[in-house]
Amino acid sequence: MPDDIQRAVGKNSRDVVNFCGYIVRSMAPLFVEKEGKMMDAKWEDIVGTIGELMWTQVKEKFIVAEGKQYKFQAFVIDTMRRLYRIWKHRLHETYKRFQTDEERLENVPSDVKSEDWKLLIEYFSSEKFQKISQRNTANRAKLVTKHTCGTRSFAEVEESMRDPISGKKPPPDEIWLKQHTKKSKEGELQWSDPISKEVHEKLHDLVVQQEETPPESQLTNDEMLLQVLGQKSGYFRGKGAGTRPPTKRTRYLENMQEEVQRAVDSARESMIESLRADVSNELKAEIRKTVEMELKNDLTEQIQRQFNAMFQARMAAFLGSSSQSDTSVPTRPTNPG
């Protein structure tokens, strides 16, 4: 479970998805009773009633890495929701293969109870469902790029391209190339469609531009995808299921967090400069005090030396004058006899 995507990858990821599909088909109801009528089940109703039980089945089947339990649970519930929708779509495809309800009733899918299949036939032929089906078909027709990943998810392909030593993923143009091309019999790469090739060219140009951009201003892989493919509400183009684009609220919070961080950094820098100034002033005062003391000591010693020299000179002069005085004074005569 990589930190940057809400998908399981690696050698056991297929086992997790397949088991989730098994749990959905064996436990999730296709219809629920509401106000005395059998209505098509909504995923919200299913999660609210047996969601915890379905999650427990998966939790007891697989060992989850430490610290990934909540992320794994979110992935499992989201995968079950997606597989539940795919299951109903596949049942609708089975419904469309036959021209009459009699033929449909004679060909009950193996993963559906006969009573549920009867209700599905009625539901698929209803006006409500037909409108939904037409709208979804029109939306599907707007899909302009086709991937070549097969049963592997975009996340699995992207993760398989991660450098085993550095842990980094290749640039988005290389990932897009891997996901939207296949080799011909002659070994040449073939694009799945012209639009995918155009997207790759734009991504490649953007990657080249980033190489000439300062590191602090470079775009991430996801930001480059958003810039080239555009943003769709609730869906991250080019990333597949499991990755959501940043919402307006998320971007607002991120911007606010950046502003707060800049303010904190600025305040910290100001505090550091103030401390440096205080330390500098204290250091200057200490140095000045030390210099003054040294100068004072030097001056005192110098004065003391000068005083001693002067004192010695005066003492020598005094002693010299005293000696001359003694020789000039006459001695007193002694008494005779």
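To be clear, the structure that these remarks concern was listed above.
Here's a quick rundown of the structure. (Residues numbered from 1 in each chain as written. Predicted model: local features only at pLDDT ≥ 70, side-chain atom pairs only at ≥ 80, totals over all residues. Heavy atoms only, no water.)

### Let's talk about the overall build of the chain
Within the chain, the secondary structure is distributed over 11 helices and 4 strands. Out of the 337 residues belonging to the chain, those deemed buried represent 27%. When contacts within the chain are restricted to residue pairs at least 6 apart in sequence, long-range pairs at least 24 apart make up 56% of them. A total accessible area of about 24,300 Å² is found for the chain, and carbon and sulfur atoms account for 53% of it. (Helix = DSSP H or I, 4+ residues; strand = E, 2+ residues; numbered from the N terminus. Buried < 20%, exposed > 50% of the residue type's maximum accessible area, 1.4 Å probe, protein only. Contact = heavy atoms within 4.5 Å. Areas by Shrake-Rupley, 256 points an atom, 1.4 Å probe, with all protein chains shown as cover.)

### Concerning the pairing of strand E2 (residues 37–40)
With 4 bridges joining them, strand E1 (residues 31–34) and E2 adopt antiparallel strand pairing. By the bridge assignment, Glu33 is partnered in E2 with Met38. Hairpin connection of E1 to E2: 2 residues between the antiparallel strands, including Glu35 at a positive phi of 55°. (Pairing = 2+ DSSP bridges.)

### Section: helix H1 (residues 13–27)
A rise of 1.5 Å per residue sets the reference length of H1, with its 15 residues, at 21 Å; its end C-alpha atoms lie 21 Å apart and thus fit the reference within 8%. The inward-facing, buried residues of H1 contact helix H2 (43–61), helix H3 (69–96) and helix H7 (154–160). (Expected span 1.5 Å × (residues − 1).)

### Quick look at the side chain of His200
Residue placement: His200 occurs in helix H9 (residues 194–211). Judged by its relative accessible area of 16%, His200 falls in the buried class. Residues within four places of His200 in sequence aside, it is in contact with Asp173, Trp176, Leu177 and Trp191.

### Section: the nonpolar core
By size, the foremost hydrophobic cluster in this structure holds 33 residues, and its most contacted members are Val58, Met80 and Tyr84. At the level of elements, H1, H2, H3 and helix H5 (114–124) are the ones that each hand at least two residues to this core. Ranked by residue count, the leading element in this core is H3, at 9 residues. If we skip the residues at most four places from it in the chain, Tyr84 touches Val24, Ala28, Pro29, Leu30, Ala41, Trp43 and Ile46. If you look at the next biggest cluster of nonpolar residues, it comprises 5 residues, including Trp176, Val199, Leu203 and Leu229. (Core = buried A, V, L, I, M, F, W, Y, C linked by side-chain atoms within 4.5 Å.)

### Examining the side chain of Asp193
Among the secondary structure elements, Asp193 is positioned in the loop between strand E4 (189–191) and H9. At 2.9 Å, the side chain of Asp193 forms a polar contact with the side chain of Ser192. There is a polar contact of 2.8 Å between the side chain of Asp193 and the backbone nitrogen of Ser196. (Polar contact = N/O pair within 3.5 Å; in protein donor to acceptor, adjacent residues only side chain to side chain.)

### Re a nonpolar patch on the surface
A cluster of nonpolar residues, Phe307, Met310, Phe311, Met315 and Leu319, forms a patch on the protein surface that exposes about 490 Å² of accessible area. With respect to the helices and strands, the residue Leu319 is situated in helix H11 (residues 248–328). A relative accessible area of 54% places Leu319 in the exposed class. (Patch = residues over 30% accessible without salt bridge, like charges linked within 9 Å, V, L, I, M, F, W, Y side chains within 5 Å. Salt bridge = Lys/Arg side-chain N within 4 Å of Asp/Glu carboxyl O.)

### Structural notes on the pattern of salt bridges
Oppositely charged side chains can pair when the atoms bearing their charge come close. According to the stated counting rule, one finds 8 salt bridges in the structure shown. Residue Lys42 is joined to Asp40 by a salt bridge in which the shortest nitrogen-to-oxygen separation is 3.1 Å. Linking Glu93 and Lys96 is a salt bridge whose minimum nitrogen-to-oxygen distance equals 3.2 Å. With a gap of 3 residues between them, Glu93 and Lys96 both fall in helix H3, about one helical turn apart. What makes Glu93 partly exposed here is its relative accessible area of 31%. Through salt bridges with shared partners, one network takes in Asp40, Lys42 and Lys128.

### Side note on the packing of helix H8 (residues 172–179) against H9
At their nearest, the axes of H8 and H9 sit 8 Å apart, and the two run at 160° to each other. In this view, H8 runs roughly antiparallel relative to H9, as classed from their interaxial angle. Crossing hand, H8 versus H9: left-handed. Here H8 contributes Pro172, Asp173, Trp176 and Leu177 to the contact with H9, which in turn contributes Ser196, Val199, His200, Leu203, His204 and Val207. Taken together, the residues of the contact of H8 with H9 sort by class into 6 nonpolar, 3 polar and 1 charged. (Axes fitted to C-alpha atoms, helices over the stretch in contact; angles between N-to-C directions. Parallel < 35°, antiparallel > 145°, perpendicular 65-115°, else oblique. Left-handed = near helix turned anticlockwise from the far one by under 90°. Nonpolar A, V, L, I, M, F, W, Y, C, P; charged D, E, K, R; others polar.)

### So, the packing of aromatic side chains
Two descriptors summarise a pair of aromatic rings, namely the distance from one centre to the other and the angle between the planes of the rings. Following the criterion strictly, the structure yields 11 aromatic pairs and no others. Plain terms: the ring middles of Phe19 and Phe62 are 6.0 Å apart, the flat faces sit at 75° to each other, and that makes the pair edge-to-face. Of this pair, Phe19 sits in helix H1 while Phe62 sits in the loop between H2 and H3, and the two are 43 residues apart along the sequence. There is no split in this pair, since Phe19 and Phe62 are both buried. Centre to centre, the rings of Tyr123 and Phe124 are 6.0 Å apart; their planes meet at 45°, and the pair counts as tilted. The exposure class assigned to Tyr123 is buried, which follows from its relative accessible area of 13%. A relative accessible area of 1% places Phe124 in the buried class. An aromatic cluster is defined as three or more aromatic residues linked by ring pairs; in this entry it consists of Phe31, Tyr95, Tyr123, Phe124 and Phe129. Taking the ring centre of Tyr95 as reference, the NZ or CZ of Arg104 above it sits at 3.8 Å. (Phe/Tyr/Trp six-rings, centres within 6.5 Å; stacked < 30°, edge-to-face > 60°. Lys NZ or Arg CZ within 6 Å of the ring centre and 35° of its normal.)

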